[in-house]
Amino acid sequence: MQVGIDQIGFYTPNKYVDMVDLAEARNVDPNKFLIGIGQKKMSVADQTQDAVSMGINATLRYWNKIDQDKVGLMIFGTESSVDQSKSASLFVKSALHLKPEVRTFEVKEACFGLTAGLMMARDFVRVHPDQSAIVIGSDIARYGVNTPGEVTQGAGSISLLIKSDPSILSLNDGHSAYSEDINDFWRPNNHTTALVEGKYSTQVYLDFFSKTFGAYKELKGWKTQDFSAIICHLPYTKLGLKANRLAVEGQDEETSERLLTNFEASKQMSMQVGNIYTASLYMSLLSLLENTDLAPNSLLGLFSYGSGAMAEFYSGNIVDGYEEQLDPEADRLMLSERQKLSVSEYEKIFNKAMEVPEDGQELISDEKPGRWYFAGTKNEVRQYKQK
Ligand code: HMG
């Protein structure tokens, strides 16, 4: 039985900063951000968008297309959690009116969270082939104003429906995992922004890429040239390019060109949104699917990395007719209709978003009608509303 990704929903907030403006404000050559880091824009979440509201908005993108009663599991991967106890997924369940019999919870391992959920969902569907699972990754990457990590911020969510006989990507058996207890990036409970050993984190990412990609090829008895595309967690697109260069070392020209061309397609959305932690790899997948034509059965390699650190390489095959499940025009509009912020507007909104609103204060969203938002707390209970 084939199990895999049947639907992909994407959401990013309605505001962004242009990297050229940011570079000028920080007295940096814009090419450092555009070429050296590989980012053009980054989405900014105001106080009314958090991991929960973004996760609801991403799931709503496909919610009315699916058999809702068959959803037996919903997992929420995030490192931008809104509560130390209650799972973000329960707010989503309530907004979607998902049946009470669903098993639902939140998982955390930095950017690896969505992949962890996806693997559990795959195994769940194998045991319960008549049920489906929703896996959500939703995050706001925050390093702080005028920090080296600032250019690698972002905000957004991806929601996946996992089921048998999937319409987009069939997941293959086997994976190669690799973990080590290290301090490359972390966020203690008393911090609203991440702490990071930036350069070290990039070395570990690339080292874990080589280890897991090599181990995966060995496990499956496959060669680099068997892959149509290799897509990566993208904290910023230049790092994915470096992983891609490692993958094609010593390969023939056709393989190198194919993997590079498909990597370019996979980074298009990330260049405009920034890092969305747990959902970043899956935004690369969506970007690849929407920016190139893939033949049925094409083999995709997926590299997931979460700081701390945990990495995994796995693969899937493209399902014939996958493009019918996508809505590239709506995704492009979501990006193009965002409001451009000046750097000073962004700084104000960014800092405000980290404040906890006074209990009882009603927050007003300037999002489009139909979108969900965080409306403040009442008696310390978070309120989510639909515009
Ligand atoms: P930095 O100090 O600003 O950058 O930090 P740099 O000085 O190393 O320059 C970056 C690149 O720009 C270099 O290229 C420069 O040569 C180039 P590279 O050597 O890398 O090829 N450059 C230029 N290029 C063209 N024209 C110019 C120019 N000037 C310089 N004029 C850093 C960069 C990424 C370290 C920083 O932004 C940071 O700390 N970011 C946050 C950490 C991060 O994203 N780490 C990635 C790996 S860890 C991960 O992926 C997990 C994560 O997603 C979290 C999670 O798991 O939850 C972060």
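Residues numbered from 1 in each chain as written. Predicted model: local features only at pLDDT ≥ 70, side-chain atom pairs only at ≥ 80, totals over all residues. Heavy atoms only, no water.

### A closer look at the pairing of strand β16 (residues 372–378)
Burial of β16 is extensive: six of the seven residues sit out of reach of the surface. Across five bridges, the pairing between β16 and strand β17 (residues 381–386) is antiparallel. Residue pairing in the sheet places lysine 378 in a bridge with valine 381 of β17. As consecutive antiparallel partners, β16 and β17 are separated by two residues, and within that stretch asparagine 379 has a phi angle of approximately 50°, a positive value. (Buried < 20%, exposed > 50% of the residue type's maximum accessible area, 1.4 Å probe, protein only. Helix = DSSP H or I, 4+ residues; strand = E, 2+ residues; numbered from the N terminus. Pairing = 2+ DSSP bridges.)

### Quick word on the domain arrangement of the protein
Domain annotation for the protein reports domain 1 (3–168 + 325–386) and domain 2 (171–323). Taken together, the contact pairs 59 residues of domain 1 with 49 residues of domain 2. The three residues of domain 1 that bury the most area against domain 2 are Cys111, Tyr143 and Leu326, which together make up 14% of that side's buried surface. Counting every contact that joins domain 1 to domain 2 gives one salt bridge. Between aspartate 173 and arginine 126 there is a salt bridge, with the nearest N and O atoms lying 2.5 Å from each other. On inspection of domain 1 and its partner domain 2, the count reaches 24 residue pairs in polar contact (both at pLDDT 80 or more). Residue contributions to the side of domain 1 that touches domain 2 peak at seven residues, all from helix α5 (residues 113–127). (Domains from an automatic or database assignment. Contact = heavy atoms within 4.5 Å. Buried area = accessible area lost by both parts, 1.4 Å probe. Salt bridge = Lys/Arg side-chain N within 4 Å of Asp/Glu carboxyl O. Polar contact = N/O pair within 3.5 Å; in protein donor to acceptor, adjacent residues only side chain to side chain.)

### Observations regarding the site of the ligand
Taken together, 29 residues sit near the ligand, with Glu79, Cys111, Pro148, Lys242 and Ser307 positioned nearest. Separating an oxygen atom of the ligand from a backbone N or O atom of cysteine 111 is a distance of 3.2 Å. At 2.5 Å, a side-chain N or O of lysine 242 approaches an oxygen atom of the ligand. For the ligand, the accessible surface in isolation is 1,100 Å², of which the surrounding protein chains cover 76%. In this structure the site holding the ligand corresponds to the second largest pocket. Put simply, the parts of the chain that give the shell around the ligand at least two residues each are α2 (30–37), α6 (198–220), α7 (237–248) and β13 (299–306). (Near = heavy atom within 4 Å. Areas by Shrake-Rupley, 256 points an atom, 1.4 Å probe, with all protein chains shown as cover. 1 Å grid on protein atoms, 1.4 Å probe; cavity = no way out; pocket = protein on both sides within 12 Å on 5 of 7 lines; lining within 4 Å. Sits in = over half its atoms within 2 Å of the grid points.)

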